[in-house]
Amino acid sequence: MNRQHSATRANAGSVPSAPSGGKGGLARYVAAAALARTADGGAVVAVVLLVTSSGGSGTLAGALGACITAPHLLGPFVARPLDLAHDGRKVIATACLLYAGALSAGVLTYARVPSPVTALLLAAAGTCGPLLTGGISSRLPAIVGTRLRTQRRAQGWDVATYGIGGTVGPSLVAALSGWVSPTAAALALAAGAGVAAGCVLLLPFAPPAHGGDRAAILKPGPTLALMARTGHLRRTAYLTMIVALSVAALPVTAVHLTRILGVETAAAAVLTAAYGLGNLTGSMVVTVFPLTGSPDRLMRRLALGVVVGLVTVTVSPGFTVSVAAYACTGMLNALFFASTLAARTEYAPAGARGQVFIWVAALKITSGSAGTALAGSFTGLDVRLPLVLGITGITAAVLAATVEQRTTRRLTGTP
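What you see is a predicted model, and the numbers here were worked out from it, not measured in a lab.

Parameters and conventions
- Residues numbered from 1 in each chain as written.
- Predicted model: local features only at pLDDT ≥ 70, side-chain atom pairs only at ≥ 80, totals over all residues.
- Heavy atoms only, no water.
- Helix = DSSP H or I, 4+ residues; strand = E, 2+ residues; numbered from the N terminus.
- Rg over C-alpha atoms; globule rule 2.2 N^0.38 Å.
- Buried < 20%, exposed > 50% of the residue type's maximum accessible area, 1.4 Å probe, protein only.
- Contact = heavy atoms within 4.5 Å.
- Areas by Shrake-Rupley, 256 points an atom, 1.4 Å probe, with all protein chains shown as cover.
- Core = buried A, V, L, I, M, F, W, Y, C linked by side-chain atoms within 4.5 Å.
- Disulfide = S-S within 2.5 Å.
- Patch = residues over 30% accessible without salt bridge, like charges linked within 9 Å, V, L, I, M, F, W, Y side chains within 5 Å.
- Salt bridge = Lys/Arg side-chain N within 4 Å of Asp/Glu carboxyl O.
- Polar contact = N/O pair within 3.5 Å; in protein donor to acceptor, adjacent residues only side chain to side chain.
- Axes fitted to C-alpha atoms, helices over the stretch in contact; angles between N-to-C directions.
- Parallel < 35°, antiparallel > 145°, perpendicular 65-115°, else oblique.
- Left-handed = near helix turned anticlockwise from the far one by under 90°.
- Phe/Tyr/Trp six-rings, centres within 6.5 Å; stacked < 30°, edge-to-face > 60°.
- Lys NZ or Arg CZ within 6 Å of the ring centre and 35° of its normal.
- pLDDT = per-residue confidence, 0-100.

Asks: Talk me through the overall build of the protein; I want residue IDs and the actual numbers.
Replies: Summing up its helical and strand segments, the protein has 18 helices and 0 strands in all. For the protein, the C-alpha radius of gyration of 21 Å lies close to 22 Å, the compact-globule estimate for 415 residues. Along the longest, intermediate and shortest principal axes, the C-alpha atoms of the protein span 60 × 50 × 35 Å. Taken over 415 residues, the protein has a buried fraction of 52%. Put simply, 85% of the contacts in the protein that link residues at least 6 apart link residues at least 24 apart. Split by element, the accessible area of the protein, about 16,500 Å² in all, is 69% carbon and sulfur.

Here you go:
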């Protein structure tokens, strides 16, 4: 670890000097995070299936689904209580319970009350979503302590819970919707969020970072300004955003690639599943072999790894190679995500860690949504155009980050 990295960790220094929960704390964390993110990851699918299976229009299904996802953009504004609270566990547990209650009420009242009422209930659930994702992640440093290798391995488990949420959630909904009904699937997710609340309360207690000085906790706007003027956090934000925007094109592109590859359109599901399995595999790899070195450098190198994956997808000559390329890209993206968690942990100041985690998560979700929309537009011009633009964008972002860091080192005389 270089001196600059050590100094940054010392300046950010906010996590306990020793783990406050050991392996038991981490196990409870993984259970809580997996349950919460499974609920968050499957809710949109459940709502869309609920509407379409009851004869509702695609427009209504999309609008109600957006009520779950769009409020994630409000994450930074609901995150401040997490940094202000004496016991952040209670804030997250409350969010889990509110999510469970609002989601249950939304699906149970659908078609029984006016659609705007259902939309408001689902939006209330969506507003709690950021605390189920980035909010829970912000608790991890206090559980595992400051030992770098332990932190990095724990971040691998954190990435795995996101992968579980993104794959198990929709799969569970699809299965339960077929066996029982979409309503039952949504209620199962809500129950999972309720159990997650209990798991969160069982996490080890960590004293608040503000040390009693609540006035020192930044508001959302100043926190974003802090991220913008702090090199490490700024690079974390824009690299996360551009990679999220680029890989969001993969599911959309998969449908169109099947035509070029000469296979059935349904085979697009195989490509998307390969990406998900690759993502889960990558998260497990980083738990066994934790990342080492400066998060700043890791992010740039692993972002270039994602570029390699996208290039392979773009030039793959056959379906089998494409499946492997999708899996490889998913694995590399999981490693990149782990490096961004390390950056948020090690570079965020004590009084704004929760808000930094959720700001980056909100920016990532926004970029992913934009990437999906852009991919849908650009595939009409050329199937591979979204991939080429993603490759170009990530490469440019990595070059910009490298130039920025080297210029800062030269100006400050840092080795």
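From this point, things continue past the structure.
Asks: An account of the nonpolar core is needed here, citing residue identities and associated values.
Replies: Within the largest apolar cluster, 54 residues are counted, with the highest numbers of intra-cluster contacts made by Tyr29, Leu64, Ile68, Tyr99, Leu103 and Leu122. Here the element with the most residues in this core is helix H2 (residues 22-53); it accounts for 12 residues. With residues up to four places along the chain from it excluded, the contact list for Leu122 reads Val47, Leu64, Cys67, Ile68, Leu103 and Gly106. By size, the runner-up hydrophobic cluster in this structure holds 49 residues, among which are Ala274, Val286, Val313 and Ala334.

Asks: Break down the state of the cysteines for me, with residues and values.
Replies: Applying the stated criterion across every chain, the model contains 0 disulfides. The thiol of Cys128 is not disulfide-bonded; the next cysteine sulfur, from Cys96, is found 8.6 Å away. Residue class for Cys128 comes out buried when judged on its relative accessible area of 10%.

Asks: Which residues make up a nonpolar patch on the surface, and what values go with them?
Replies: Taken together, Val285, Val288 and Phe289 make up a surface patch of nonpolar side chains, about 280 Å² in accessible area. With respect to the helices and strands, the residue Phe289 is situated in the loop between helix H14 (268-288) and helix H15 (295-315). Of the residues examined, Phe289 reaches a relative accessible area of 60% and is grouped as exposed.

Asks: Got a sec to walk through the side chain of Ser316? Specific residues and values, please.
Replies: Checked against the element boundaries, Ser316 lands in the loop between H15 and helix H16 (319-347). At 2.7 Å, the side chain of Ser316 forms a polar contact with the side chain of Ser322. Aside from chain neighbours lying at most four places away, what touches Ser316 is Leu261, Val321, Ser322 and Arg384.

Asks: Break down unusual backbone geometry for me, citing the residues and quoting the values.
Replies: Although it is not a glycine, Ala111 adopts a positive phi angle of roughly 70°. Mapped onto the secondary structure, Ala111 falls in the loop between helix H5 (88-109) and helix H6 (115-132). With relative accessibility at 66%, the residue Ala111 sits in the exposed group.

Asks: I'd like to hear about the packing of helix H9 (residues 148-179) against H16, residue by residue, with values.
Replies: At their nearest, the axes of H9 and H16 sit 9 Å apart, and the two run at 125° to each other. When the axes of H9 and H16 are compared, the pair comes out oblique. Judged by the twist between their axes, the crossing of H9 over H16 is right-handed. Of H16, the residues touching H9 (which contributes Leu148, Gln151, Arg152, Gln155, Asp158, Val159 and Tyr162) are Ala334, Phe337, Ala338, Leu341, Ala342, Thr345 and Glu346.

Asks: So what's going on with the environment of Ile394? Which residues, and what values?
Replies: With respect to the helices and strands, Ile394 occurs in helix H18 (residues 385-412). Through-space distance from the C-alpha of Ile394 to that of Cys96 is 35 Å; in sequence the pair is 298 residues apart. If near-sequence neighbours (up to four positions away) are discounted, Ile394 is found in contact with Ile242, Val243, Ser246, Ala303, Val306, Val307 and Leu310.

Asks: Now, about the packing of aromatic side chains: what can you tell me, with residues and values included?
Replies: A full pass over the atoms with the stated rule returns 2 aromatic pairs. Look at Tyr162 and Phe337: their rings are 5.0 Å apart centre to centre, the planes differ by 75°, and that puts the pair in the edge-to-face class. One end of the pair, Tyr162, is in helix H9; the other, Phe337, is in helix H16, with 175 residues separating them in the sequence. Since its relative accessible area comes to 23%, Tyr162 is described here as partly exposed. Over the aromatic face of Tyr162 sits the side chain of Arg37, whose NZ or CZ is 3.9 Å from the ring centroid.

Asks: Tell me about the environment of Leu250, and please be specific about residues and values.
Replies: Inspection of the secondary structure puts Leu250 in helix H13 (residues 249-261). Measuring from C-alpha to C-alpha, the distance between Leu250 and Thr69 comes to 19 Å, with 181 residues separating the pair along the chain. Not counting residues within four places of it along the chain, the set of residues in contact with Leu250 comprises Tyr275, Leu310, Val313, Tyr326, Thr329 and Leu387.

Asks: Which residues make up the side chain of Ser104, and what values do they have?
Replies: One can find Ser104 in helix H5. Residues contacting Ser104, with those up to four places away along its chain left out, are Leu187 and Ala190.

Asks: Before we move on, can you summarise the environment of Pro71 with the specific residues and values?
Replies: One can find Pro71 in the loop between helix H3 (58-69) and helix H4 (75-84). Taking the C-alpha atoms as reference points, Pro71 and Leu122, 51 residues apart in sequence, are found 9.6 Å from one another. With residues near it in sequence (within four places) discarded, Pro71 still touches Ala66, Ala123, Gly126, Thr127 and Pro130.

Asks: For the confidence of the model for the protein, give the residues involved together with the corresponding values.
Replies: Residue-level pLDDT values for the protein average 86, and 92% of them are 70 or greater. Across residues 1-18, confidence stays below pLDDT 50; counting only partners more than four residues off in sequence or on other chains, it has 43 contacts.

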